[in-house]
Each structure stands twice: as C-alpha cells, then as structure tokens.
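Residue strings, one per chain:
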Amino acid sequence: MRFRSIQNNYDFQKKSLKKYDRNITFYFLDSVCDEKKITQLLITPFYEYESFSLYKNYLESLPGWEIISEEAIMVEKMLNGNVILNLDNINYSITLSNYSSSAVSESTEENVLQGPKDGLNGNISISLNMIRNRYKKNTLQVEKYIVGSQSKTNVVVLYDTNLIEINVYRNLVEKIKGLNVEVLQSCGQLQKLLINKKWMLFPLFLTTERPDRVVNNLSSGKIIVLVEGTPWALIGPATFFDFFKSMDDVVQLSIVSKFLTSIRIVALLITVLLPAIYVAVISYSPEVLQVQFALLIAGSRISVPFPSYIEILFLMLMAEFLIEASLRLPKTISSSATTVGGLILGQTASQAGLVGDIMIIVVSIVAISLFSIPINAMHQAIRVIRYPIIIFASLFGMLGVIVSTLGILCYLCNLRSLGKPYFTLFNNS
Amino acid sequence: MLGKRYVIYLFYLNLVLCITVFVPQILYKNSLNGSISSICLAIIVGGCFIYVLQKVFAQFPEQNINQILIHKVPNWLRKLYIIYSLIFWYLTGALFIVALTQVVKLFINPETPLMLTYFIFLALIIFAIVLKTKSLLYVTELVVISHIPIVLFVNIRFFSDPYVFKDSIYQSLTYFKHFPKINSFTAAIFVFTGFSNLIVFNEKINMKLIKKRDIIGIFLFGIFVLLTLYFIPIGYLGLKGVPKAVFVWLSTVDSMHFDYLFVERIIYIILFVQIFSSLVYIILCWHTSVELFKTLNLNYGGMYKWILISFFICVTTIIQILIRELDILKYFIMFFNYCAFSNLLLVILLLYVSIKKRHAS
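All of these numbers come straight from a predicted model, not from anything done at the bench.

J.: Describe in detail the pairing of strand β5 (residues 90-95) of chain A, supporting the description with residues and values.
T.: Residue and element names in this part refer to chain A. Strand direction decides the pairing type here: strand β3 (residues 65-67) and β5, joined by three bridges, are antiparallel. Paired with Ile-67 across the strands is Tyr-92, a residue of β5. Note that strand β4 (residues 82-87) and β5 share six bridges and pair antiparallel. Within β5, the position partnered with Leu-87 by the bridge is Ile-90. Here β4 folds back onto β5 in antiparallel fashion, the turn holding two residues, of which Asp-88 has a positive phi close to 50°.

J.: Give a description of the interface of chain B and chain A that names residues and reports values.
T.: Counting residues at the interface gives 36 residues for chain B, matched by 28 residues for chain A. Each partner contributes to the roughly 3100 Å² buried at the junction of chain B and chain A, and carbon and sulfur atoms together form 72% of this total. Linking chain B with chain A are zero salt bridges. Where chain B touches chain A, the interface holds six residue pairs in polar contact (both at pLDDT 80 or more).

J.: Tell me what's going on with the confidence of the model for chain A, and back it up with residues and numbers.
T.: Scored by pLDDT, chain A comes out at a mean of 86, with 98% of its residues at no less than 70. Helix α15 (residues 398-413) of chain A holds the highest mean pLDDT among the elements of chain A, 93, whereas helix α12 (residues 331-351) of chain A holds the lowest, 80.

J.: Give a description of the sheet that holds β3(A) that names residues and reports values.
T.: Hydrogen bonds between backbone atoms are what pair the strands of a sheet, whose relative direction is either parallel or antiparallel. All names here are of chain A. Taking strand neighbours across the sheet as the criterion, the five strands line up as β1-β2-β4-β5-β3 in an open arrangement whose pairing is antiparallel. Two strands close off the open sheet at either side, each with one partner strand: β1 (12-19) and β3. Within the sheet, the average angular offset between the axes of one strand and its neighbour, ignoring direction, is 20°. Along the sheet, helix α3 (residues 71-79) makes contact with β1, β2 (22-29), β3, β4 and β5, crossing β4 at roughly 135°.

J.: How would you explain the pattern of salt bridges if you had to name every residue and give the values?
T.: All names here are of chain A. Evaluation of the coordinates by the stated rule reveals 19 salt bridges over all chains. Between Asp-212 and Arg-210 there is a salt bridge, with the nearest N and O atoms lying 3.0 Å from each other. Looking at Asp-212, the relative accessible area reads 11%, which means it is buried. On the basis of relative accessibility, which here comes to 1%, the residue Arg-210 falls in the buried class. A salt bridge links Asp-249 to Arg-264, with the nearest nitrogen and oxygen atoms 3.2 Å apart. Remark: Arg-264 occurs in helix α9 (residues 254-283) and Asp-249 occurs in helix α8 (residues 248-251); sequence separation between them is 15 residues.

J.: Tell me what's going on with the domain arrangement of chain A, and back it up with residues and numbers.
T.: Considered domain by domain, chain A is made up of domain 1 (12-95), domain 2 (102-238) and domain 3 (250-421). Once you take the C-alpha centre of each, domain 1 of chain A and domain 3 of chain A turn out to be 62 Å apart.

J.: Help me get a handle on helix α6 (residues 187-195) of chain A, residues and values and all.
T.: Side chains of residues three or four places apart in an α-helix project in the same direction, reflecting 3.6 residues per turn. Residues and elements named next belong to chain A. Three or more residues of α6 are buried, namely Cys-187, Leu-190, Gln-191, Leu-194 and Ile-195. Projection of α6 onto a plane perpendicular to its axis shows the buried side chains occupying an angular sector of 130°, all on one side. Among the structural elements, β7 (153-160), α5 (166-177), β8 (206-208), β9 (223-227) and β10 (233-236) are those in contact with the buried residues of α6.

J.: Go over the packing of aromatic side chains, please, and point to the residues and values.
T.: For any pair of aromatic rings, geometry is given as the distance between the ring centres together with the angle between the planes. A full pass over the atoms with the stated rule returns 47 aromatic pairs over all chains. Between A:Tyr159 and A:Tyr169, the ring centres sit 4.7 Å apart and the planes meet at 50°, which makes this aromatic pair tilted. With A:Tyr159 in strand β7 and A:Tyr169 in helix α5, this pair connects stretches of sequence that are ten residues apart. Judged by its relative accessible area of 6%, A:Tyr159 is buried. When its relative accessible area of 16% is taken as the criterion, A:Tyr169 is described as buried. Relative to B:Tyr230, the ring of B:Tyr28 has its centre 5.2 Å away and its plane inclined at 35°; by these criteria the two rings are tilted. In this pair, B:Tyr28 sits in helix α2 (residues 23-29) while B:Tyr230 sits in helix α11 (residues 212-237), placing the two residues 202 residues apart along the sequence. Relative accessible area serves as the criterion here: at 0%, B:Tyr230 is assigned to the buried category.

Definitions and cut-offs
- Residues numbered from 1 in each chain as written.
- Chains lettered and ligands numbered in written order.
- Predicted model: local features only at pLDDT ≥ 70, side-chain atom pairs only at ≥ 80, totals over all residues.
- Heavy atoms only, no water.
- Pairing = 2+ DSSP bridges.
- Helix = DSSP H or I, 4+ residues; strand = E, 2+ residues; numbered from the N terminus.
- Contact = heavy atoms within 4.5 Å.
- Buried area = accessible area lost by both parts, 1.4 Å probe.
- Salt bridge = Lys/Arg side-chain N within 4 Å of Asp/Glu carboxyl O.
- Polar contact = N/O pair within 3.5 Å; in protein donor to acceptor, adjacent residues only side chain to side chain.
- pLDDT = per-residue confidence, 0-100.
- Axes fitted to C-alpha atoms, helices over the stretch in contact; angles between N-to-C directions.
- Buried < 20%, exposed > 50% of the residue type's maximum accessible area, 1.4 Å probe, protein only.
- Domains from an automatic or database assignment.
- Arc of directions from axis to C-beta.
- Phe/Tyr/Trp six-rings, centres within 6.5 Å; stacked < 30°, edge-to-face > 60°.

Structure follows, in structure tokens:
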C-alpha cells in the first residue's frame, strides 16, 4: 500500500513492528489520531500477546473496527482519525481519533454571533487537528518548513492540491525558503518578511484566528501558513475586500449577509472620507451644502477660535489616544478611561467652545464606523490612511480629497498579493 | 488577460469625458447650420470605426501596436507611426490637463492659484503613469463603476423634470437640412474613439471575447450619450442660450434642482466624479504614451522613461503658462480635427496589416 495521495504530508505516519519474523504496519495521520491510545491499545498488546491469532481476536474486540480492502476508503478513514493496520494482508481500520477540544479556546479577536466559536491554537498539531477535522479531503497537503537561523520555528503550509494555482504556491514557498531571519515568533512578523518592503501600510495577507475561516479559504484555493507559537494563520493571496468579510456572513441568509457586507463598505467610506470632506466643505466650499445645513454648522462653530482642520485633528487625535489607552490598560481601568475621555472630555470641550458640537458628532461617527471593519490588521491601516487625506483636504479643499483618494486607489490597485491583484472590484478569472 | 468589460470601461470613460473637453460647445457653434447632420454622420462613421477596430484587434490577441506592425510594414514606417502616436497621446493628455485646471478654477477653488492646481494634478499623474498597465485598468473600473449611478441620476432627473423646454429640443431638430460641418463632425466622432487606446491595452485585454451584440450595445450606448450630450443642455438653456455658456454641461447640471438631498446643487457631485474620471483618462493617455515609448527599444533601462517624463512635465508646463483661457476652445477644435485624422490613420494602417496577414496565411 502506498497511499500516494497523502503520503507526502508531514503528519502522515507509517510504523512497522516485527515479532517472530512477521510484520504488522500502522498507517495514520498523527494530527487527528491520539498517539497515546495507539501505544496503549495497539502497540503494547501486540508485544504482550503470545500469538498472532490472539492479537487478531483482541483487535476485533476493540470498538469501531472494520476490515477494508479499497485504498480510497482507507484514505477517507485515515482522514477521519482512524488507524489502518496491516496484518497478514488484511487491513483493519480502528477508530482512535483525537478531536482536541480541551486545549481549544474561543476566538477572542474575531467574534461571531452564530458561527463556530473555536480559535486556533499556538500548538501547530492542535491547530492542524482542528483544520483536518473540518476539511476531510485527501487533497489537503501539509508541508513543514523551518524558518529562523536561531529560533528554528516550525512553519506549516497548507493547501488543497486540486484548487491551488501553481504560480501562487511556488511564489510563496520560494519566499519562505529564502527567508533570512534570526528569530521568527509570530504571523505578523512572517507577513512583514514575506512582503519585504520598507514602506508598507496595507496587509497583503489575511490574518485570522478562526479555523472555519481557514477552511473556507482552503476550499477557495488559498494557501494557509501556520507559525508555531501563535494562534494565528496567514492566508494568501488576499484581496482588499476579503478583509471586510466576517465569518457571520457564511452563517447568515444571503440577503442579510450582502447587506452586512455593504454596510461595512459604507462604513469604510465614511471613516476614510468624512473627516476630510468635513474640513474641505467647511473651510473651502460651504456652498455645496443646503443653506440651512451650512448655517447650522457655522452656528455650532461660532465660538471656535481655530480653523476646522485644527479642530478635527485635535479631536481625532483624542479619539486615537482613547483607543490606545483602552487597549493597553487593564480591563478594570479601561472603562473609566473611556468615561473620562469620551463623555467628560467631549462634553466639556464643546461647552467650553473649543470644538463645535457637530464636529464631535462627526468624530464619533468616524470612530464608530472604524470599528465595524472586522479584521484588525485592516482596521489599523484604515486608521492611518485617514490622516494624509485630511492634510490634503486642509491644504487644497475638495481638490485635495479627490487627488489623494485617487492616489490611494492607484497605489492599492498596484499592489499584488502573491502575484494576484489586491484591489479589484470583481473577480478576474 | 483581462475580460472584455475593460474595453467597455475605456469606451465609457471616453464618452463621459466629452463634458469637460468642450465637445458640446463645439457642436453648438453650428447648432443652426449643420450640427444635427454632423452628429448623424458621426454616428455612422463611429459605428464603422468601432466595428473595424474590434475586428482587427481581435485578430492580434495579446499584441500591442508594435507587435502588430512588426514584419508587416517597413521598419521606418513602424517607428514613425509609433513616435507619431506617442506625441498624439501625450498632447491629448496635456490639453486635457489644461482644460481640467480651468474647470477647477471656475467651479471648485477660485482662490487657489492655477499653477498650484496644475502641479497637484501633475504630481498625481506622474505617480500613476509609471504603474503597471493592469493596475490602471483596475482603477478605471472603479472610477467608471462609481460614475455610472450619477449619470443615470442626471438622466432620470432630465426625463422627469417638468421645467425642461421641450420646444427648444424640437426646434433644434428642425435644423437638420444642412451639410455637415467638419469641426462639428470631428468633435462628435471623438465620442466614439474610446477604442483607440487599444493600441497599447490590447496586450492585456482579450478582444476575442467581444461578441457582435456587445459591439451593438456599446454603439447604441454611444449614440444615447451623444444625443443626451447634445440635447439635454438645449432643454435647460434654450437653443439660443447654449452657445453662450463656457462649460455648458456644468451650467446645465447646475440648473437642475434637487430638494431632497444633503447637497443642494448636484453640480458638485457631478464635478467630483468628472474630475476623477478626467484624471484617470489623462493617466491612461500618458501611460499609453510611455508604453509606446518602451516599444521603441531605446536600450530601455528605466533612465529613458524618466527623461521622457521630465520632457512631458516641461512641455506641459510651458503649454499651461502660455495658453490663454479664451483660446482653449480654439485649440480643442484643432485637437479634435487632429484626433479624427490620427484615428483615420490608425484604421488605414490596421486594415492594411490585417489584409496583409490574411494574404500571408
């Protein structure tokens, strides 16, 4: 037996035991089998029983045994966590699967309402167990590389051989083999090394801690990279709009999920453009707005001694400080920080006449819509990208908004993730 | 290879650009003596132009103009033609920047100095033209998709507006019994020349996927846009009123009234998307020019490209300084004549090459 379809995986195990010049051979995938049980229930008894017929009888007393002759079925059984045992040319399949659940914790960064709750684990074999148990196909290929001249970190690459594009695979594997780094500790660091550019703002790989997202992406032909020690997986090639999909979209009904995705895109537009448009409209072209609305804004700004861009930069920076503070502080203090910062500062700043009321509304809308981006890496990038647009808007008005937005679009469209276009509206295949 | 929709985007961009580049104004110069017949003639010739270009480019998949011409025409002719079209595409972009800065000065930032606006545009364009060809096509897609709803919006507003002078439109139709005028004809034919960028973009777009019904769709859409381009302003400003406005379309949009929006005057939204699409068009023009330059094989090592681009910057700046606002319209009339001539040249050359290819095989 060769098991050609899965024998190249690094978690594929083949063990031969010998007694009285006769062989028995075990085949299994160690990521989905319980190796302790294999030793306890199969290997130790093998040496304890006097004759082979007794051992055979013992095997047939185990729960979940079966005799199988077709290789395809055996592969399927192995993917399900069975051990294939070859004894006198008879193939037994015995269920010794291991579904890690005790070590698995809930995912904390990407919350969903109704989807599965598990998160990946820092231990690669547990993560692999979770992925294999969710994706039982013999075309799933698992390869191991060692990165880091000092840390010797295990990096595992997963892909579906039927679905992957060979150029994408080669591109990634060559990059991983060519990495020259002393210590590798996290997925984010690996992503930085893979992109290998000095100035980089947008994440070119999706980072996730959810096995269900990993499996979804595997089934659409993406490559997954796991790094020993971090509960995150890198997914590539990613596109910009992948960062706006939540795993809830798979669970929800189709119209609801379309609605949710479009809401996130609207939130993206608001958070990127609203502060800049506010500055441009207030300082350069108030005639754009309806008369009543323009007067309302002007009225709320009547006591403000600064131009609008100082006002908005001041408040946006305050909001950034607030986010940073509540992120790093212990959980018990962070709620009081948000109270002081958000409520008291906002209220008094507008009462003191330092900022207009409408400005506080604008900054709050911008902050809220920023939070609706589901993936953290993109969230941070969007946070940064707002400032150049505000600066351009305060220098050149609406023209600055147009030019900087178009520049950013050109930059985004010119990015490639593993040789695939990063920013396209529709699929190009 | 990209899908056929990118060709449609190129064509669409060309259509909507006509608003900023004075096509309606040039048509209105002869509105009483020959514009209608010029438009009819332009529709016929434009339809043939689209058909021929699609047929010929589909015969040469994944080839730009240099690869199409090589070994089929004499070497000197090929190089001459490439240099000629390089200059043509460069001039197109340069002239459009001048028009665009005028629009910005008149409608958005009257206080900002003209040269400052111009240099901001130039910085963006120079940044963008050296990007990959495919990336620019993706940008085009984005801009076109965001442009379509606004065009629809304006059209719906026109058809539902009770204040349109329908009589003026009927009146303008009565002036059809005149011989076509060359200036009006060349301006109208510009609407249909969206395919001519393909001399470079044919390398990336699969023209074979374009079926006959796509061509007919594109053609009908072109007719629709050309007619709305001509008739909507007449409906708002009157037949005698249209020749007086400088940017007639922007004035027209400004006279449409919307009560139920944040923004009272829809002109700003139109202007913003218009500037977006014009900038993308200029970027595509100059990108075409730079790509044509690359095909000349002047020991291309990156350096030459920057020499060409700095040449672009200098010449455009000189044009920008020297050109007088009043003369822009005159230059555009000249440009449209020149453009029609270049496209004629392109069609003749391509037909010659395709016949030669058919004989060879």
